[in-house]
Amino acid sequence: MTMKMIILGRQGAGKGTQAARLSTHYGIPHISTGDMLRAAVEAGTELGQMAKSIMDAGDLVPDKVMNGIVAERLAEPDAAHGFLLDGFPRSDAQARFLTETLAPAGIDLVISLEVPDAIVVERMLARGRADDTEEAIRRRLDLYEAETAPLMDYYRERDRLVSVDGHGDEDEVEARLTAAIDAHLGAVDGK
Ligand code: AMP
């Protein structure tokens with residue numbers, strides 16, 4: 001059985017923190033496109049130089065670039081039987097590329113981590129990342145609604161979407177997530 005999962009949710013929903021915990025819990029790689037881009041910026045690679053201003057503005061790095069990065073990462077041996085994607089897909093074109101090219105055998109589960117707007121803005125301002133200016137935060141939330149939220153329908157139609165409440169402390173949210181994942185994957189297994 002494979003464990004190929006995606007975690008969706010607005011920035012500030014606690015996705016990164018929870019994805020890291022789930023990666024440890026299930027022994028699957030946590031593949032965060034934001035972390036990969038930040039590492040490229042830090043290293044000053046060509047990709048990093050291209051991505052930096054886009055990220056600072058809260059815009060999206062072009063689909064073609066992102067698809068290439070994720071294709072390379074998913075070709076690594078540790079991702080053969082499972083992975084948890086965090087921050088990808090973020091657009092219809094990315095979702096289609098993932099379904100059609102990268103994971104033709106299917107994504108096992110898409111988790112939507114739900115936290116209200118007011119809380120995500122507060123959390124983003126508190127974490128103080130370089131791209132967490134008020135303007136960039138607003139831009140990212142707008143883009144999330146326009147580009148990424150519609151992916152919920154895309155995955156819901158394929159019956160692989162589960163919503164989890166992202167309120168509360170980290171342990172509580174993790175327990176909710178593992179319960180939802182175990183229930184879903186158990187059901188798929190016919191257990
Ligand atoms: P994140 O760490 O997921 O919040 O991503 C930080 C920034 O990296 C985003 O605001 C985007 O500028 C860029 N980024 C990360 N993942 C993607 C993606 N899948 N598509 C386009 N841009 C991305």
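An account of the accompanying structure is given in this report. (Residues numbered from 1 in each chain as written. Predicted model: local features only at pLDDT ≥ 70, side-chain atom pairs only at ≥ 80, totals over all residues. Heavy atoms only, no water.)

What follows is about the sheet that holds strand β1 (residues 3–8). Read across the open sheet, the 5 strands follow the order β2-β3-β1-β4-β5; overall the sheet is parallel. The open sheet is flanked by β2 (30–32) and β5 (161–165), the only strands paired with a single partner. Going from strand to strand, the sheet's axes swing by 25° on average, the running direction of each strand aside. Bridge count between β1 and strand β4 (residues 109–114): 4 bridges; the pairing is parallel. By the bridge assignment, I6 is partnered in β4 with V110. (Pairing = 2+ DSSP bridges. Helix = DSSP H or I, 4+ residues; strand = E, 2+ residues; numbered from the N terminus. Axes fitted to C-alpha atoms, helices over the stretch in contact; angles between N-to-C directions.)

Taking 1.5 Å as the rise per residue, helix α7 (residues 134–148) with 15 residues should run 21 Å; its terminal C-alpha atoms sit 20 Å apart, in good agreement. Of the positions making up α7, those classed as buried are A136, I137, R140, L141, L143, Y144 and T148. Here the buried residues of α7 occupy an arc of 165° about the axis, which is enough to place them on one side. Exposed residues on α7 whose side chains face more than 90 degrees from its buried face are E134, E135 and A146. (Expected span 1.5 Å × (residues − 1). Buried < 20%, exposed > 50% of the residue type's maximum accessible area, 1.4 Å probe, protein only. Arc of directions from axis to C-beta.)

Here we take up the packing of aromatic side chains. This structure, assessed with the given rule, holds 1 aromatic pair. A ring pair is formed by Y154 and Y155, whose centres lie 5.0 Å apart and whose planes are at 90°; its orientation type is edge-to-face. You'll find Y154 and Y155 in the same group, each marked buried. (Phe/Tyr/Trp six-rings, centres within 6.5 Å; stacked < 30°, edge-to-face > 60°.)

The values reported here are purely geometric and, on their own, carry no functional implication.
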